[in-house]
Each structure stands twice: as structure tokens, then as C-alpha cells.
Amino acid sequence: MTAERGNQGIGMTSARTRDRLVRRLMEHGIRSQDVLTQIRNVPRHLFVDEALASRAYEDTALPIGHGQTISQPYIVARMTEALLDGFEGEKVLEIGTGCGYQTAVLAPLVKKIYSVERIPELLRKTRQRLRDLGIYNVQFRPGDGWQGWNKYGPYDGIIVAAAAPEIPEKLLEQLAPGGRLIIPIGPPRAQDLVQVTRRDDHYEQVSLGPVSFVPLVKESS
Ligand code: SAH
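One structure accompanies this document, and this report is about it.

Let's shift gears to the packing of aromatic side chains. Applying the stated criterion across every chain, the model contains five aromatic pairs. Note on Tyr-114 and Tyr-152: the rings are 4.5 Å apart at their centroids and 20° apart in plane angle, and the pair reads as stacked. Residue Tyr-114 is found in strand S4 (residues 112-117), and its partner Tyr-152 is found in the loop between strand S5 (138-142) and strand S6 (155-160); the two are separated by 38 residues along the sequence. On the basis of relative accessibility, which here comes to 8%, the residue Tyr-114 falls in the buried class. With relative accessibility at 22%, the residue Tyr-152 sits in the partly exposed group. Here the aromatic rings of Trp-149 and Tyr-152 are separated by 5.2 Å at their centres, their planes lie at 80°, and the arrangement is edge-to-face.

Looking now at the site of the ligand. As a structural note, the neighbourhood of the ligand is formed by 24 residues, with Ser-71, Gln-102, Glu-117, Gly-145 and Val-217 the closest of them. One of the backbone N or O atoms of Gly-96 is found 3.0 Å from a nitrogen atom in the ligand. Contacts to the ligand include Asp-144, whose side-chain N or O atom sits 3.1 Å from a nitrogen atom. Calculation on the ligand without its partners gives an accessible area of 570 Å², and the protein chains cover 99% of this total. When contributions to the shell around the ligand are tallied by element, the ones reaching two or more residues are strand S2 (68-70), helix H5 (101-106) and S4. By residue number, the principal contributor to the shell around the ligand is S2, which donates three residues.

Reading the values: rules and limits
Residues numbered from 1 in each chain as written. Predicted model: local features only at pLDDT ≥ 70, side-chain atom pairs only at ≥ 80, totals over all residues. Heavy atoms only, no water. Phe/Tyr/Trp six-rings, centres within 6.5 Å; stacked < 30°, edge-to-face > 60°. Helix = DSSP H or I, 4+ residues; strand = E, 2+ residues; numbered from the N terminus. Buried < 20%, exposed > 50% of the residue type's maximum accessible area, 1.4 Å probe, protein only. Near = heavy atom within 4 Å. Polar contact = N/O pair within 3.5 Å; in protein donor to acceptor, adjacent residues only side chain to side chain. Areas by Shrake-Rupley, 256 points an atom, 1.4 Å probe, with all protein chains shown as cover.

Function cannot be read off these values alone, since they describe shape.
Structure below.
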């Protein structure tokens, strides 16, 4: 039974099923070949419960326990594409590791990822999962994403998988000059995906459109 899970031959994980997802993302405007290749290659069915594996290549968010979700593939692709467009650098900070799907899509495209997640049980499973997939360029930390991860900053890119009412000050501080931050901002049901680029003396902000994420929890609240 368990050996079947990684098997490319079974219907739900077949090349055809994955190609259908990739085609859908292309139709929705994803252009980066690197990103599309990653969406095809990363075995998303291994990031969700076995009971949901048959839905893993649908373009939809799915529950991963602890009230959290695995992000919709289109959103992961869109955020990764936006982060890497013109990306020069090595280090990316990720906030909201969750099951590690976004991490796995991004990992081969950058030198090093530093990833922060507030739910330790989720992080424990994710660490093991990414190791099993042969992904080693990620350093994890249980902690509060509002604080970023000062120790290894500044970062050339920051990607946040949970929505905040405003851009966390610490993340702006930990962004390197020329670096880019991708973050959903706003209240539930009215969030906007925002891209912030740090220039020499100011931050440039553009909107990438409406999105729906779980909240970036404030530990004090
Ligand atoms: N990146 C995941 C999606 C994770 S959902 C994917 O690829 O599918 C968002 C994650 O953010 C959840 O795991 C949640 O626990 C985490 N999170 C919420 N608030 C946080 C905070 N303040 N600090 C760190 N992680 C947080």
C-alpha cells in the first residue's frame, strides 16, 4: 500500500493529471518555465493526507490539519514567479512553511531558503517530508513570522503564505536593497497580493490582485 504512494503510474499522480494542472496554470497566465517545471515535478499528493491525495492535482487549496491549508497551485506559482522575476541573489525568507509545498517548489530555484512556521508539529512533519524528497537547502525554525528571522538577514527575497492587516515592519527591515517581498495584505475575504521592492531610499509597492489566505497570526493576540 505505502509503496503505491510514490508510484507515478497510479491515476491520481499520473503525468497526464499533472500536465493538466500545468496547462491550467499556463492558461491563467503563468509564464515562467522554471516555475511550471517545478509544478509538474513536485509530488503534491505527498503533501496532503492520503484521503485527499486524489485531489492533489486540482488547482485548489486543501486542508492540512491544525486549521491550515496547502496553498492553491496557481497562487504558489504566481508568488514564486513574482518573487523570482529579475531575482538576483541567494537567500529567501519564507514565512508560513505549512506542509512545505511552496518551499519544495521554490527550493531548486534559489540557493538557500530560511523558513519560519509557528506550529511546531506541522514543521516536524514538513522537515522529514522535504528530507525524504532530497531537498536540503532549507533551514527551518519554529517561530513568529511577524519577527522575520533576523539572524540570517537581509534577504534577497521574502515570501509570506499568510495574510497580515499591514506589512510587518521587521520584514521590510530584513529585505536587502533590490530585494523583493511578496505578501497577502488585508482582512479575510478582501486580501490583496502585494509585491514590495526595496529601492535605495524607498519601497516600491504594486498589487498583484485579490487572494485568500489564512491569517498571519499575531502571537500576542
Ligand atoms: N506555504 C504553505 C501554506 C501554508 S498556510 C503551502 O505551500 O501550502 C500558512 C501557514 O502560515 C500555516 O502553516 C500557519 O500555521 C502559518 N502561520 C500563520 N501565522 C504565522 C506566524 N505568525 N508565523 C509563522 N507562521 C505562521
